[in-house]
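Structure at a glance
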Amino acid sequence: MLIPVIIAVTFVLFVILSFAPGDVVKTILGDEATEEQIAELKHELNLDQPLLIRYARYMMDACRLDFGNSWTSGYEILPEFSRRLPYTLLVTTLSVLFAVGVGIPLGIASAIKEHSILDYGCTFLVMLLASMPAFWLGTLCQILFCLTLRWLPVSGVGSWRHFILPSIILGASTLATMIRMSRTSMLDVIKMDYIRTARAKGADEKKVLYHHAIRNSLIPVITQIGISFAGGIGGAIVTENIFAIPGIGVMLVNAVKSRDVPVVMGVIIFVTIIVGIINLIVDLICAVVDPRIDFAS
Amino acid sequence: MNDDLLQIEKLNVEYITDDAIVYALNDFSLNVKRGEKIGLVGETGAGKTTLALSILRLLPKKIGKITSGSIKYESEELLDKPESYMLGLRGRRISMIFQDPMTSLNPVKTVGDQVLEVLNLHFPDLSKEEKNAKVDEIFRLVGIPAERKFEYPHQFSGGMKQRIVIAMALIAEPELLLADEPTTALDVTIQAQILELMKELKEKYNSAVILITHDLGVVAEFCDSVAVVYGGRVVEIGKVEEIFGNSHNHPYTKGLINCIPDLTSTAPRLHPIAGRMGDPRIKVQGCCFADRCPNATEKCKTTPPPMVYEGEHGILCHLYSKEGA
Ligand SMILES: Nc1ncnc2c1ncn2[C@@H]1O[C@H](COP(=O)(O)OP(=O)(O)OP(=O)(O)O)[C@@H](O)[C@H]1O
Ligand code: SF4
Ligand SMILES: [Mg+2]
């Protein structure tokens, strides 16, 4: 399943990058380059070959785990990526943990106490978070918590305190999703017949909740966690740039700016694989939680 | 010892929905004796499920309300009891089988655990082995191999699910079983099997049963007495023989009996009498059946009929009152 996805993604990307405006050779060599120099570099980068051949060559190398070097900076792509990936994964994981840890209890609580102040408060929070773009919220929080209150460092990765704000900012929209989904799901579940059955057995509200309602209400939420995690890696591009975190987001943005095709391609392939793995893990968790899902399939 | 197990008197239940108030039960009265098997018959919307949920005080929160009346269980007024008292009653002394077995089991717990939960809740002093032995025994009794208790609800057919629900309802050996149309959601051959099972179990357990059904045939086979429900009221009550073998019947009951092809076959959902049940959002002035009754008079539209008794056989109709219609 993953392999066709990777081929499709990389091919589309390769085509787009080839037709994107801006000439990479001129960018590298500067304005004063001679015709000769340009032709030489083009040959060196295989840019004088047809698109399909270049793509095929690239993919053959990629299969041998040779992702080449950056056109503009010359670094080897795979080691650079491996060096940066932990930062991105850390921030993304923390953000999802934050969103899940805060969002699910809040969502469930507001479903149980429907139409309470807590419930209305959560609905308000969800709308607020969902309507604030990360770069804006991030900058705002930087000003408040880092510059004015001086509680947290502004940017960089020196200590664990550097990761608090980026994780929260990155997790903000996921938090909104988690609250909304777990609330809706819980409201659906407590209307179910089997909840009434549990009550008819003599289970008190706590047992009904912990033994019967929560696990069922988490099933749709878990699938969403997987989607959010994948989205979080994308969102990291923005957050890493705001907070100057040396993750793959920064790497990707720089590469796109300078038309550094091998870097963009490499990063996208790795990210696709990572997202695929995350989806696989989520599917496994779903199968554990929901016995109706068959492990084999 | 007092023979009365459950006494419901003038119970009124409303559902408060966004756009209207539904009067689901109106001055509903019913007595159930220890060990008595009583059939509650009536067409859809008559208020049968509402009655069962009221007894357990499990009406949907905020929507369903008991506005007046009394439910006495072993002479104790349930409507005054705290929730903690009801917790000890539910599943232990009064249990319920719900209308739809497909949805009444938790999909993410094994069926064995769901049956075991009743024991965990009400018999915390039993050892693990004793509890498991009891679960195995009840599975065998309802005709499901005990090894299958480790499986999940989706691995069972509708009829088997209903057997599991029955096991869950009976494992604590309750004094009263509320069976809300235990066979309606199943297909005909399975219906017969479940009914057969219930008959076997009725010999074994001495629980009183309120059997809710659309089906007079089932009642005739299973029950000692019948309460015919219409518009949230009991319109006729009596022993099975009195209801079926008697020319004195409520006009609604007459309609019901006439539409059974023969007593041994299972009838479809009842729509025997011309017209439909009145709008439950309107409180009626006179007799609730007046709109559809072939015997209705002017008086029926204005004055509520009295319950007229002949021995234990009661009919809620002006036709039978002393002054006549
Ligand atoms: N949750 C609810 N909210 C609003 N009205 C309700 C609710 N539950 C039941 N009612 C109404 O109360 C009346 C009695 O319903 P009830 O479910 O007790 O009927 P029933 O006799 O069990 O019918 P059926 O044979 O279809 O199960 C109906 O008019 C129904 O529409
Ligand atoms: S009271 Fe009147 S309307 Fe009601 S059932 Fe009797 S005869 Fe019919
Ligand atoms: Mg019902």
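Computed from a predicted structure; not experimentally measured. (Residues numbered from 1 in each chain as written. Chains lettered and ligands numbered in written order. Predicted model: local features only at pLDDT ≥ 70, side-chain atom pairs only at ≥ 80, totals over all residues. Heavy atoms only, no water.)

1. A closer look at the coordination of the magnesium ion (ligand 3)
Geometry reference: four tetrahedral donors at a metal, ideal angle 109.5 degrees. Six octahedral donors, ideal angles 90 or 180 degrees. All names here are of chain B. Listed as protein donors to the magnesium ion (ligand 3) are Thr49 (OG1) and Gln99 (OE1); their distances from the metal cover 1.8 to 2.8 Å. Residue threonine 49 is located in helix H1 (residues 48–55), and its partner glutamine 99 is located in the loop between strand S6 (94–97) and helix H3 (111–122); the two are separated by 50 residues in the primary sequence. Classification of glutamine 99 as partly exposed rests on a relative accessible area of 28%. (Donors = N, O, S within 2.8 Å, 3.2 Å for Na, K, Ca; no water. Helix = DSSP H or I, 4+ residues; strand = E, 2+ residues; numbered from the N terminus. Buried < 20%, exposed > 50% of the residue type's maximum accessible area, 1.4 Å probe, protein only.)

2. Some words on the site of ligand 2
The full set close to ligand 2 counts 13 residues, and Cys287, Cys293, Cys300, Cys317 and His318 of chain B are the nearest of them. Broken down by class, the residue content of the shell around ligand 2 amounts to 10 nonpolar, 3 polar and no charged. (Near = heavy atom within 4 Å. Nonpolar A, V, L, I, M, F, W, Y, C, P; charged D, E, K, R; others polar.)

3. Re the interface of chain B and chain A
Tallying the contact residues gives 26 residues for chain B and 22 residues for chain A. Regarding the contact of chain B and chain A, the summed buried area is about 2100 Å², with carbon and sulfur atoms giving 60% of it. Between the two partners, chain B and chain A, sit 2 salt bridges. A salt bridge links lysine 201 of chain A to glutamate 117 of chain B; the shortest N-O distance between them is 2.6 Å. The interface formed by chain B and chain A holds 12 residue pairs in polar contact (both at pLDDT 80 or more) in total. At 5 residues, H3 of chain B tops the list of elements feeding residues into the side of chain B that touches chain A. Partitioning the side of chain B that touches chain A into residue classes produces 13 nonpolar, 7 polar and 6 charged. (Contact = heavy atoms within 4.5 Å. Buried area = accessible area lost by both parts, 1.4 Å probe. Salt bridge = Lys/Arg side-chain N within 4 Å of Asp/Glu carboxyl O. Polar contact = N/O pair within 3.5 Å; in protein donor to acceptor, adjacent residues only side chain to side chain.)

4. Here we look at the sheet that holds strand S5 (residues 76–77) of chain B
All names here are of chain B. An order of S2-S1-S4-S5 is seen for the 4 strands of this open sheet, with the pairing classed as antiparallel. The sheet is open, and its two edges are formed by strand S2 (21–33) and S5, each paired on a single side. When strand S1 (residues 4–16) meets S2, the two strands line up antiparallel, connected through 9 bridges. Its bridge partner lying in S2, leucine 11 is registered against phenylalanine 28. Where H1 meets the sheet, it contacts S1, S2 and strand S4 (64–73), and its direction lies at approximately 115° from that of S1. (Pairing = 2+ DSSP bridges. Axes fitted to C-alpha atoms, helices over the stretch in contact; angles between N-to-C directions.)

5. Side note on the domain arrangement of chain A
Looking at chain A, the domain boundaries give domain 1 (2–63) and domain 2 (84–258 + 282–289). Using only C-alpha atoms to locate each centre, domain 1 of chain A and domain 2 of chain A end up separated by 39 Å. (Domains from an automatic or database assignment.)

6. A word on the nonpolar core
One finds Tyr58, Phe67, Phe81, Leu165, Met186, Met265 and Val267 of chain A to be the most contacted residues of the largest nonpolar core, which totals 76 residues. Residue contributions to this core peak at 14 residues, all from helix H12 (residues 261–289) of chain A. Each of domain 1 (2–63) and domain 2 (84–258 + 282–289) of chain A contributes no fewer than three residues to this core. Apart from the residues lying within four places of it in its own chain, the contact partners of methionine 265 of chain A are Thr10, Leu13, Phe14, Leu17 and Tyr58 of chain A. Counting 56 residues, the second largest nonpolar core, distinct from the first, contains Leu116, Ile138, Val219 and Leu256 of chain B. (Core = buried A, V, L, I, M, F, W, Y, C linked by side-chain atoms within 4.5 Å.)

7. Structural notes on the site of ligand 1
All names here are of chain B. Of all residues adjacent to ligand 1, which total 19 residues, the nearest are Thr44, Lys48, Thr49, Thr50 and Gln99. A distance of 2.8 Å separates an oxygen atom of ligand 1 from a polar backbone atom of lysine 48. Summarising the interface, the protein chains cover 73% of the accessible area of ligand 1, which totals 630 Å² for the free molecule. Mapped by element, the contributors of at least two residues to the shell around ligand 1 are S2 and H1. With 3 residues, the top contributor of residues to the shell around ligand 1 is H1. Looking at side-chain class alone, the shell around ligand 1 contains 7 nonpolar, 8 polar and 4 charged residues. (Areas by Shrake-Rupley, 256 points an atom, 1.4 Å probe, with all protein chains shown as cover.)

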